[in-house]
Amino acid sequence: MRFASVLTVVRLGVYAAIAVAIGAGTPHAATPMAVETSSADGGARLRFLWPERVTAKSDRDGDAVVVTVDKAVDPKAVRDVASMLPGWIASAEAEDGRLRLRPQPGRSLSVAALPRGVEIRLSRSAVEPPAPSVAAVPPVTAAPSDAVSDADEEDADDPPRPPAARPVPPPPGMIGAVTVVPGAGLVAQAPPPADPEAAAAARRLRLTRARLMMETGDAAGAKAELEALLREVPNSVEVMSALASVESQLGGWRRAVGLYDRALGLNPDDPGLIRAKAELLREHGPRVRFDLDHRKVKKADRQIVARLSGEALAGPSIVGFALEGNDLDTPAVRRLNGSIETFDGKRYRGEGYVSMDHETGGLTRLSLIGGNGIVGAAVRHTRQFAEGTLRLAAIAQDPYWDVVDGLVNEARTDRVQAAYERILGTSWRVAGRLAAGRYGVEGRSDVAHFIGPAFEAAYTIVHGPPSLTLAYGFDAEYLGSRKVAVDSFGAEYPLLSVVSREVHSIIGGLSGTFSPDLRYNAFGGFAYDRLNANGPFLGVDIAYEPYTSFEVGLAASYSLTASRGTDATVTRIGGYFLWRF
């Protein structure tokens, strides 16, 4: 099979993978389940909660109760219940929407339906433990203590209310009041423990558990736990701050700022809240940046690259721009007619874009690109999940300046790509990318096709500052359908000097701070290009931030010019100015 046919098949696979990834990231994914527990001397309470209405029923299975729900159930969260309430639950299991709970000896158990979940209440038995109350639990409209009242829950599509309840005294040791509904068993809401100190201790435990979830990478679980906790204690500054941190981690920085504002309304002098909000606005707020780089390829060209970029908030969106100019001086470059000439001139390109935040935490950027007679566009989408970050892009007519003849002969590229990055635990980071597309030059839009896979795995050996990281990188681009022309001597030459590459690299990085306003990052390693040349690389950059609104930096590096397919090396020295306003 010809390479072009293989490339067509691979392209279709890439497009299908991107479509599946987008579908997997939509709000129609499996509904998350939250677990709440609390206990006191007289009893314990266990809740399984979902963000939507739940239909549930319960049945007796020996000395256990089986609760069946019509929502997705997290088996691991259910298994953890026994360790969370060791004095009350002997075992807990979940399979295919069924929760099986067995109480400890001497404990009685009852099931209560909530509008969006199920509540299990346990109490001490004064005598031989009675059989659990496990009558069928229909969907009801009784609201939990941290939700709205019955009157607020009356929607047009609500199921009929159960028969009128008959209040009875609570069993000895049971938490709160119990209501018996004829034919439906125990279905009333049980309030939190009556002892304020016990309730506060239970909330502190839940807050600690949520923070542990954040630190171990379970941001979605931490968010569900903190949202439930904030409904119970809506004026807790500590819970608001923790939830804002989770929202920021998941990409919802605007929601995080709103939570910090709410917390500062209750405690306006808290330095931690002030600093956290300022850091978010510093990272995502309006800015202007100017970069200047000097690049020298050994025995070849010299480039001076200047770039001006900026961003500003515009309601729910972000607007931005980037302008770049390249002053190139090269002793020899091949023109499209095959002649070898010198070149000393400038090339310019620019981009204007608008970025739109989504309620789900995603970000979509629409760009208009242009430069030296080229007009293009791009769509980029970033979506953060609890497990990692997905990035998708489709780019058309993007000026391509990685090779000198591409800069001189107005080369451009069309590509689609998908990338995914995930943090594993506290030390590992893995990332992968797959790209496919084509190159063009002035007057021709299709002079070479390419497929570009990439992968990186990084391990933080020492958590700083200073921090030490070791990584392996794989970056490849395989060319096909490469077009050639014939010069006046009858010799063939490529219309664009891009080459296939397959670079394997080992990288070591050290980052830290010299002082609170002076930080550094140094890296070095060895790159092995299986298809071309090999060699070491190294670099360092330093950033100085005397004020939160102003930052200046310097950078220097030495490496192979991998895209050129030669053993040439490039030395880069540059710096930048950044102003936040």
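Residues numbered from 1 in each chain as written. Predicted model: local features only at pLDDT ≥ 70, side-chain atom pairs only at ≥ 80, totals over all residues. Heavy atoms only, no water.

## What to know about the overall build of the protein chain
Using the following cut-off: The way it works is that DSSP assigns letters per residue, a run of H or I at least four long becomes a helix, a run of E at least two long becomes a strand, and they are numbered from the N terminus. Relative accessibility thresholds used throughout: buried, under 20% of the residue-type maximum; exposed, over 50%; partly exposed, between the two (1.4 Å probe, protein chains only). Here the accessible surface of atoms and residues is derived via Shrake-Rupley with a 1.4 Å probe, and residues count as covered only by protein chains that are part of the display.
Helix and strand content of the protein chain: nine helices and 29 strands. Counting all 581 residues of the protein chain, 42% fall into the buried class. Per element, the accessible surface of the protein chain, about 28600 Å² overall, is 59% carbon and sulfur.

## Structural notes on helix H8 (residues 271–284)
In plain terms, the rule: Here, expected helix span is obtained from the residue count minus one, scaled by 1.5 Å. N or O atoms within 3.5 Å of each other form a polar contact, as long as, within protein, one can give a hydrogen and the other can take it, and as long as residues adjacent in sequence are counted only when both atoms are side-chain atoms.
In a regular helix each residue adds 1.5 Å, so 14 residues correspond to 20 Å; H8 covers 20 Å between its end C-alpha atoms and thus fits that length. Regarding H8, the residues found buried are Leu273, Leu280 and Arg282. The opening residue of H8 is Asp270, an N-cap whose side-chain oxygen sits 2.8 Å from the backbone nitrogen of Gly272.

## Examining the side chain of Glu311
Operational definition: Two residues qualify as a contact provided that any one of their heavy atoms is within 4.5 Å of a heavy atom in the partner residue.
Position of Glu311 relative to the elements: it lies in strand E13 (residues 302–314). A polar atom in the side chain of Glu311 sits 3.5 Å from the side chain of Arg365. Aside from chain neighbours lying at most four places away, what touches Glu311 is Pro286, Arg287, Ile318, Val319, Gly320, Tyr353, Arg365 and Phe581.

## What to know about the packing of helix H7 (residues 253–266) against H8
Worth spelling out the cut-off: Angular values range over 0 to 180 degrees, each being the angle between N-to-C directions of two axes fitted as lines to C-alpha atoms, with helices fitted over their stretch in contact. Orientation categories follow fixed angle ranges, with anything under 35 degrees roughly parallel, anything over 145 roughly antiparallel, 65 to 115 roughly perpendicular, and all other angles oblique. For any helix crossing, the convention is left-handed if the near helix is rotated counterclockwise from the far helix by under a right angle, and right-handed if that rotation is clockwise. Residues are grouped as follows: nonpolar covers Ala, Val, Leu, Ile, Met, Phe, Trp, Tyr, Cys and Pro; charged covers Asp, Glu, Lys and Arg; every other residue, Gly included, is treated as polar.
Packing of H7 against H8 leaves a shortest axis separation of 10 Å and a crossing angle of 155°. Overall, the two elements H7 and H8 adopt an arrangement that is roughly antiparallel. In the packing of H7 onto H8, the handedness of the crossing is left-handed. Contact with H7, carried on its side by Trp253, Ala256, Val257, Tyr260, Asp261, Ala263 and Leu264, involves Leu273, Ile274, Ala276, Lys277, Leu280, Leu281 and His284 of H8 and no other residues of that element. For the contact of H7 with H8, the per-class residue count stands at eleven nonpolar, one polar and two charged.

## Comments concerning unusual backbone geometry
Notably, Lys299 is not glycine yet its phi reads approximately 60°, a positive angle. Residue placement: Lys299 occurs in the loop between strand E12 (287–297) and E13. According to the relative accessible area criterion, Lys299 is exposed, its value standing at 79%. For Glu410, which is not a glycine, the phi torsion comes out positive at approximately 55°. In this fold, Glu410 is placed in the loop between helix H9 (404–408) and strand E19 (412–424).

## A look at the sheet that holds strand E6 (residues 98–103)
Inclusion rule: Paired strands, as defined in this entry, are two strands with at least two bridges between them according to DSSP.
Across the sheet, which stays open at both edges, the four strands sit in the order E3-E4-E6-E5 with antiparallel pairing between neighbours. A strand with exactly one partner marks an edge of an open sheet, and here the two such strands are strand E3 (56–61) and strand E5 (89–95). When strand polarity is set aside, the average angle formed by the axes of neighbouring strands in this sheet is 20°. Where E3 lies against strand E4 (residues 64–69), six bridges are found, and the strand directions are antiparallel. The partner of Lys57 across the bridge, within E4, is Thr68.

## Let's talk about the sheet that holds strand E2 (residues 43–49)
Ordered in space as E1-E2-E8-E7, the four strands form an open sheet in which the pairing is antiparallel. Each having just a single partner strand, strand E1 (34–39) and strand E7 (107–114) make up the two edges of the open sheet. Mean inter-strand twist for the sheet, computed between neighbouring axes without regard to direction, equals 15°. Pairing between E1 and E2: six bridges, direction antiparallel. Residue pairing in the sheet places Val35 in a bridge with Phe48 of E2.

## Some remarks on the pattern of salt bridges
A pair can form between side chains of opposite charge whenever their charged atoms are brought close. Note the cut-off: The term salt bridge refers to a side-chain nitrogen of Lys or Arg lying within 4 Å of a carboxyl oxygen of Asp or Glu.
If you walk through the whole model with that rule in mind, you get 35 salt bridges. Here Arg580 makes a salt bridge to Glu545, at a shortest N to O gap of 3.5 Å. With Arg580 in strand E29 (residues 569–580) and Glu545 in strand E27 (residues 534–547), this residue pair connects regions lying 35 residues apart in the sequence. Judged by relative accessible area, which is 15%, Glu545 ranks as buried.

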